[in-house]
Amino acid sequence: MRIQKSMNLNKQQAQNIASVLAEALPYIQRFSGKTIVVKYGGNAMTEDTLMDSFARDIVLMKLVGMNPVVVHGGGPQIGDLLKRIGKESKFVDGMRVTDEETMDVVEMVLGGQVNKEIVHLIHRHGGNAVGLTGKDGHMIEARKMTITKSTPGIDVPEIIDIGHVGEVVRINTSVIDMLIKGDFIPVIAPVGVGQDGESYNINADLVAGKVAEALKAEKLMLLTNTAGLLNKEGELLTGLNAQKVDALIKDGTIYGGMLPKIQCALDAVHGGVKSSHIIDGRVEHAVMLEVFTDEGVGTLITSR
């Protein structure tokens, strides 16, 4: 009796696996040969189980013929090292104030520690990855970002200097294209280089969006620490276009830290990316669920 129950359970598990594979087949066919840019950060980057599931998802995508490109953040790791050396982290409008000493730490953490950890993780699960920063091959050409602040009663806005914080001027895709053709998975740290040779710390979401635009990617996927975009009742919103997003901004549904992420996703689809997805990086295999299943996970944004 116990043996029969075990056999039935094993059969059910096998049927479930077969069902999942059957559901995934049309997506594998549809996205084979297509480029998918994934911004990796948040909980998915700091919890061991989620880190393993992310790496396995990326390796699987490559094995079935897709071309994943990973762009990663590393804010918490940068903050930890700054704290250890006795340097306080300061932010203006969500951007880390980056003086020369902080920029050295940013490059050390993003280009060294975090980037190499992700590459190692992908290798451990059977993939072939190459780690880069935007300075390699002048991949991410950048300029200094300026922030202005208006004061009531004063006509001229105040210009706030936040140091080596940059914005993307141009993405040179030649190195990425070479790696993809060589069957490698590019893993990119968001450090840009200016005309003067200066290094710039750039928001990883922005870099991922610009990389996706430059590569004319099929999808841009932004991993975050929420279920996606939620309405005022806490329900997940998906299937959004520019018009719907504008309405949600006006009625206050989209605000705070979600605003720049949504804007990044919108800019990408306006720039030629087929679709953008804000997905919950706290869910195991979130990338696989979004790419290979009918339901997906998170918020889908398209240009129309």
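Residues numbered from 1 in each chain as written. Predicted model: local features only at pLDDT ≥ 70, side-chain atom pairs only at ≥ 80, totals over all residues. Heavy atoms only, no water.

Taking an unreviewed UniProt entry as the reference, the chain is identified by name as Acetylglutamate kinase belonging to Thiosulfativibrio zosterae. Checking UniProt for the chain, the heading Sequence similarities (unreviewed entry) contains the comment "Belongs to the acetylglutamate kinase family. ArgB subfamily." The chain has a UniProt comment under Subcellular location (unreviewed entry) that states "Cytoplasm". (UniProt positions renumbered as here; feature names shortened; annotations may be inferred.)

## Quick word on the UniProt feature "site: Transition state stabilizer" (unreviewed entry) in the chain
Under the present numbering, the feature "site: Transition state stabilizer" (unreviewed entry) in UniProt falls on Lys39 and Lys261. These annotated residues cover 223 residues of sequence, and their C-alpha atoms all fall within 11.0 Å of one another, placing them together at a single site. Checked against the element boundaries, Lys39 lands in strand S1 (residues 35–40). Taking the relative accessible area as the measure of exposure, Lys39 reaches 10% and is therefore buried. (Helix = DSSP H or I, 4+ residues; strand = E, 2+ residues; numbered from the N terminus. Buried < 20%, exposed > 50% of the residue type's maximum accessible area, 1.4 Å probe, protein only.)

## Looking at the side chain of Thr98
Tracing the backbone through its elements, the reader meets Thr98 in the loop between strand S4 (95–96) and helix H4 (100–124). By relative accessible area, which is 0% here, Thr98 ends up buried. Within the structure, the side chain of Thr98 is placed 2.8 Å from the backbone oxygen of Arg96, a separation counted as a polar contact. (Polar contact = N/O pair within 3.5 Å; in protein donor to acceptor, adjacent residues only side chain to side chain.)

## What to know about the packing of aromatic side chains
According to the stated counting rule, one finds two aromatic pairs in the structure shown. The interplanar angle of 5 degrees and the centroid separation of 3.8 Å between the aromatic rings of Tyr40 and Phe54 together place this pair among those described as stacked. With Tyr40 in strand S1 and Phe54 in helix H2 (residues 48–63), this residue pair connects regions lying 14 residues apart in the sequence. The burial state of Tyr40 is the same as that of Phe54; both residues are buried. (Phe/Tyr/Trp six-rings, centres within 6.5 Å; stacked < 30°, edge-to-face > 60°.)

## With respect to the side chain of Thr224
Looking at the element boundaries, Thr224 is found in strand S13 (residues 219–224). Residue Thr224 is classed as buried on the basis of its relative accessible area, which comes to 11%. Beyond its immediate sequence surroundings of up to four residues, Thr224 is in contact with Lys261, Ile278, Ile279, Asp280, Gly281 and Arg282. (Contact = heavy atoms within 4.5 Å.)

## Considerations on the packing of helix H3 (residues 75–84) against H4
Direction vectors running N to C along H3 and H4 enclose 125 degrees, while the axes themselves pass 9 Å from each other. Compared by their axis directions, H3 and H4 come out oblique. At the point where H3 passes H4, the crossing takes the right-handed sense. Across from Gln77, Ile78, Leu81 and Leu82 in H3, the residues of H4 making contact are Thr102, Val105, Val106, Met108, Val109, Leu110, Gln113 and Val114. When the residues that make up the contact of H3 with H4 are grouped by side-chain class, the tally is nine nonpolar, three polar and no charged. (Axes fitted to C-alpha atoms, helices over the stretch in contact; angles between N-to-C directions. Parallel < 35°, antiparallel > 145°, perpendicular 65-115°, else oblique. Left-handed = near helix turned anticlockwise from the far one by under 90°. Nonpolar A, V, L, I, M, F, W, Y, C, P; charged D, E, K, R; others polar.)

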